[in-house]
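# Examining the three-dimensional arrangement
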Amino acid sequence: MFVNWTDIVVLVSKLTFNRIFNLLKIANSYIWSRLSKKPVISGLPVSIAIEPTTACNLRCPECPSGLRSFTRPTGNIRQRTFKKVIDELSVRTCYLTFYFQGEPYLHPDFFDMVKYAARRNLYTATSTNGHFLDESGARRTILSGLSRIIISIDGIDQSTYESYRVNGSLEKVLAGTENLVFWKKKLKSVTPAIIWQFLVVRPNEDQIQEVKTLAKVYGVDKVAFKTAQIYDYKEGNDLIPSRQKYSRYVLQQDGTYRVKGQQLDHCWKMWSSCVITWDGKIVPCCFDKDAAHQLGDLQHQSFKEIWHSKPYQNFRSAVIKARSEIEMCQNCTVGTRVWA
């Protein structure tokens, strides 16, 4: 596993006294909740994910944005909603992800939002398909103060790449990476950490070594190999890798598949983080892609009210009593990235 020490130093630099104290309170709440089987919450989330937009330029086959299969409303987050969250949480929250569903760079105020969070000393990260990193986009990314950028690159040739990233252009992704590396050096910036994320599926599983070699050529900081979440996995799927190390699913004797690992009745994310949709709804984690478990609405409540509310506590209680009965948890595995 390659460790990017510069990235770690940047993250540690965000740890103020208030944020460390908040982390200790959250950790204590989580441990006590597990031991007592009763949800206790003290403090505010250590990290949050905010959804800039549900729009996307690609049509990836296992993505609600790509499939246009949402039942919830779609749109862009308003600056007012975004700033309300940051103003309320930035003293104690450390890590902000600009991503849930959709392509973040399609939001017209994306760079302004990153700058707003960076000025409050938050560690900021985003995940992108890499199609909007032309000279201007790359330069503005560096100047925004973004701490980390994850670029999806799921093949080393166009045919393999577009088998998952439908309507995507590998040439644009590679050119965008070059632009980022160039402007990072040109502006003498230590951020963002540039990470290629390789979603391992059957069509590209034989290109793992090649993408590591290609990453060195392009000068990225790290390559992350991510296992793919498949919605209809039980009867098998052409995207499930044959290499077990890179699969979330295990083939059983009867020819069906099950999720790898054991479903345990606890989840750190329910105490340490949450997701905020573009229209201000709070959902428990990134597996709730269609926002089926809405725990509050920032249009009518403060974040703190929602975080400590009865609906949120009831959901935490359900997790520590019978997590396997919660539908969105049934396709969840611990550790979706494999470092190699």
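Refer to the structure presented above.
One structure accompanies this document, and this report is about it.

## Quick word on the side chain of Thr126
In this structure, Thr126 sits in strand S3 (residues 123–128). For Thr126, a relative accessible area of 1% corresponds to the buried category. When near neighbours in sequence (up to four residues on either side) are disregarded, Thr126 contacts Phe98, Pro104, Tyr105, Phe110, Leu146, Arg148, Ile149 and Ile150.

## Quick notes on a positive patch on the surface
Together, Lys83, Lys115, Arg119 and Arg140 line one region of the surface with positive charge. Here Arg140 shows up in helix H6 (residues 135–144).

## A closer look at the pattern of salt bridges
Summed over all chains, the structure comprises 7 salt bridges. Here Arg120 ties to Asp87 by a salt bridge, and the two come within 3.4 Å at their closest N and O atoms. Taken as a pair, Arg120 in the loop between helix H5 (110–118) and S3 and Asp87 in helix H4 (residues 79–89) lie far apart in primary sequence, 33 residues in all. The exposure class assigned to Arg120 is partly exposed, which follows from its relative accessible area of 29%. You can call Asp87 partly exposed: its relative accessible area is 43%. One salt bridge in this structure joins Asp154 and Arg165, with 2.5 Å as the shortest N-O distance. Taken together, the residues Asp154 in the loop between strand S4 (148–152) and helix H7 (158–164) and Arg165 in the loop between H7 and helix H8 (170–186) connect sequence positions 11 residues apart. As far as burial versus exposure is concerned, Asp154 and Arg165 are alike and both buried. When salt bridges that share partners are traced, they join Asp279, Lys281 and Asp297 into one network.

## Re the packing of aromatic side chains
Summed over all chains, the structure comprises 17 aromatic pairs. The interplanar angle of 70 degrees and the centroid separation of 5.2 Å between the aromatic rings of Tyr30 and Trp268 together place this pair among those described as edge-to-face. With Tyr30 in helix H2 (residues 17–36) and Trp268 in the loop between strand S8 (257–259) and helix H10 (269–272), this pair connects stretches of sequence that are 238 residues apart. Of the residues examined, Trp268 reaches a relative accessible area of 34% and is grouped as partly exposed. Plain terms: the ring middles of Tyr105 and Phe110 are 4.7 Å apart, the flat faces sit at 40 degrees to each other, and that makes the pair tilted. Residue Tyr105 shares its accessibility class with Phe110, and that shared class is buried. Here a set of aromatic residues connected by ring pairs shows up, and it is made of Phe82, Phe98, Tyr105, Phe110, Phe111 and Tyr116.

Cut-off values and rules
Residues numbered from 1 in each chain as written. Predicted model: local features only at pLDDT ≥ 70, side-chain atom pairs only at ≥ 80, totals over all residues. Heavy atoms only, no water. Helix = DSSP H or I, 4+ residues; strand = E, 2+ residues; numbered from the N terminus. Buried < 20%, exposed > 50% of the residue type's maximum accessible area, 1.4 Å probe, protein only. Contact = heavy atoms within 4.5 Å. Patch = residues over 30% accessible without salt bridge, like charges linked within 9 Å, V, L, I, M, F, W, Y side chains within 5 Å. Areas by Shrake-Rupley, 256 points an atom, 1.4 Å probe, with all protein chains shown as cover. Salt bridge = Lys/Arg side-chain N within 4 Å of Asp/Glu carboxyl O. Lys, Arg positive; Asp, Glu negative; His and termini not counted. Charge placed at Lys NZ, Arg CZ, Asp CG, Glu CD. Phe/Tyr/Trp six-rings, centres within 6.5 Å; stacked < 30°, edge-to-face > 60°.

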